[in-house]
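Survey of secondary and tertiary structure
In case you want the letters, here they are:
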Amino acid sequence: MFNSQSTIVKVYRTLDELSHAAAEEFVRCAKEAIAQWGRFAVALSGGNTPRTLYELLERDYAATIDWRRAHFFWGDERYVPHTDPQSNFRLAKETMLDALHIPVENIHPMPTHFSDPDEAAHEYEAELRFFFSGRPGFDLMLQGIGTDGHTASLFPGNSALREKKAWVVAVHADMQPPVRLSLTLPVINAARNIFFIAAGEEKRHVIEAMLDHSEDEQQRYPVARVRTNGKVFFFLDEEARGGKR
Ligand code: 6PG
């Protein structure tokens, strides 16, 4: 599936170089969306890899976008307070959103204050449905890839992978922190642009499966379930891709 012509694979020597390339494309997506819709809706990913991209957007690209027209959502979130060091919201806030002075009404964090994460998922889904008038359509989704092939918080074998109706689900994972919120595949697959950002030798087996192996072999990894009619980019370092390509 990913070895099709709609997928653009870019390989760089370092995380810093791949992050610069991703930042350039991020700006392209934002400008196209703002020109077409008057606003840019992006879903951010968490984990460690996107930190460099967020820092670059704030440091080197601050003047390239009318940030007042950018709306920030999250593809997934750890079910911890937003002040927790593990919070994906905190990562983006500290590395990018505060410094870019994004209007508070344009920042849409996944709620993690409800005692019941299912209630939080329903709350976020209501916010998304209102924002998108009932049809999901992110202009850009940033997606990380785990060493088990998960993306967002859609983990191998988890029932969230089979969700066809809900836009947001609470997920109980076998990793820390165990409770998360995640957008589902129907929402991810409705995005116009999806960036997979991966670095490090520990991701290579997943990347090679996605780009070099048959569709059957890809299916063991949740990331293979991403099937958008939009553009898919892989921003990789040489370690994750297994050398120059
Ligand atoms: C999260 C992420 C998750 C992440 C991958 C890769 O909340 O952890 O959204 O999907 O993108 O686990 O994480 P690294 O970038 O830290 O390798």
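Report follows, based on the coordinates. (Residues numbered from 1 in each chain as written. Predicted model: local features only at pLDDT ≥ 70, side-chain atom pairs only at ≥ 80, totals over all residues. Heavy atoms only, no water.)

Taken in spatial order, the six strands of this open sheet run β1-β9-β8-β5-β2-β3, and their pairing is parallel. A strand with exactly one partner marks an edge of an open sheet, and here the two such strands are β1 (7-12) and β3 (70-74). For this sheet, the mean angle separating the axes of adjacent strands, direction not counted, is 20°. Relative to strand β9 (residues 231-237), strand β8 (residues 193-198) runs parallel, the two sharing six bridges. Across the sheet, the residue bridging to I194 is V232, located in β9. Helix α4 (residues 117-131) contacts β2 (40-44) and β3 of the sheet and is inclined by roughly 150° relative to β3. Its contacts with the sheet put helix α6 (residues 204-212) on β1, β8 and β9, and the angle it makes with β9 is roughly 140°. (Pairing = 2+ DSSP bridges. Helix = DSSP H or I, 4+ residues; strand = E, 2+ residues; numbered from the N terminus. Axes fitted to C-alpha atoms, helices over the stretch in contact; angles between N-to-C directions. Contact = heavy atoms within 4.5 Å.)

In this structure, the largest pocket occupies an estimated 590 Å³ of space. Lining the largest pocket are 34 residues; nearest its centre among them are G46, G47, N48, T49 and R78. Elements that contribute at least two residues to the lining of the largest pocket include exactly β4 (76-78), α3 (88-97) and β5 (140-144). Here the lining of the largest pocket takes four residues from α3, the largest share from any one element. Here the lining of the largest pocket is composed, by residue class, of nine nonpolar, 16 polar and nine charged. (1 Å grid on protein atoms, 1.4 Å probe; cavity = no way out; pocket = protein on both sides within 12 Å on 5 of 7 lines; lining within 4 Å. Points joined across faces, edges and corners; volume = space filled by probe spheres on them. Nonpolar A, V, L, I, M, F, W, Y, C, P; charged D, E, K, R; others polar.)

What follows covers the nonpolar core. In this structure, F26, F72, F138 and L183 are the most contacted members of the largest nonpolar core, which totals 87 residues. Broken down by element, this core gets its largest block of residues, 10 residues, from helix α1 (residues 15-37). (Core = buried A, V, L, I, M, F, W, Y, C linked by side-chain atoms within 4.5 Å. Buried < 20%, exposed > 50% of the residue type's maximum accessible area, 1.4 Å probe, protein only.)

Of all residues adjacent to the ligand, which total 13 residues, the nearest are T49, D76, H150, A152 and K203. Between the ligand and D76 there is a distance of 2.7 Å, counted from an oxygen atom to a side-chain nitrogen or oxygen. H150 has a polar side-chain atom sitting 2.7 Å from an oxygen atom of the ligand. Most atoms of the ligand, that is more than half of them, are within 2 Å of grid points of the largest pocket. Considering only residue class, the shell around the ligand consists of two nonpolar, seven polar and four charged. (Near = heavy atom within 4 Å. Polar contact = N/O pair within 3.5 Å; in protein donor to acceptor, adjacent residues only side chain to side chain. Sits in = over half its atoms within 2 Å of the grid points.)

Once that is clear, we can look at α4. The end-to-end C-alpha distance of α4 is 21 Å, a good match for the 21 Å that 15 residues give at a rise of 1.5 Å each. Taken together, the buried positions of α4 are P117, A120, A121, Y124, E125, L128 and F131. Buried residues of α4, viewed axially, fall in a sector of 135°; they line one side. Along α4, the residues that are exposed and aim more than 90 degrees away from the buried face are H122 and F130. Elements that come into contact with the buried residues of α4 comprise β2, β3, β6 (168-172) and β7 (179-183). Taking the backbone nitrogen of D118 as reference, a side-chain oxygen 2.8 Å away marks D116 as the first, capping residue of α4. Looking one or two residues beyond α4, the residue adopting positive phi is S133, at roughly 50°. (Expected span 1.5 Å × (residues − 1). Arc of directions from axis to C-beta.)

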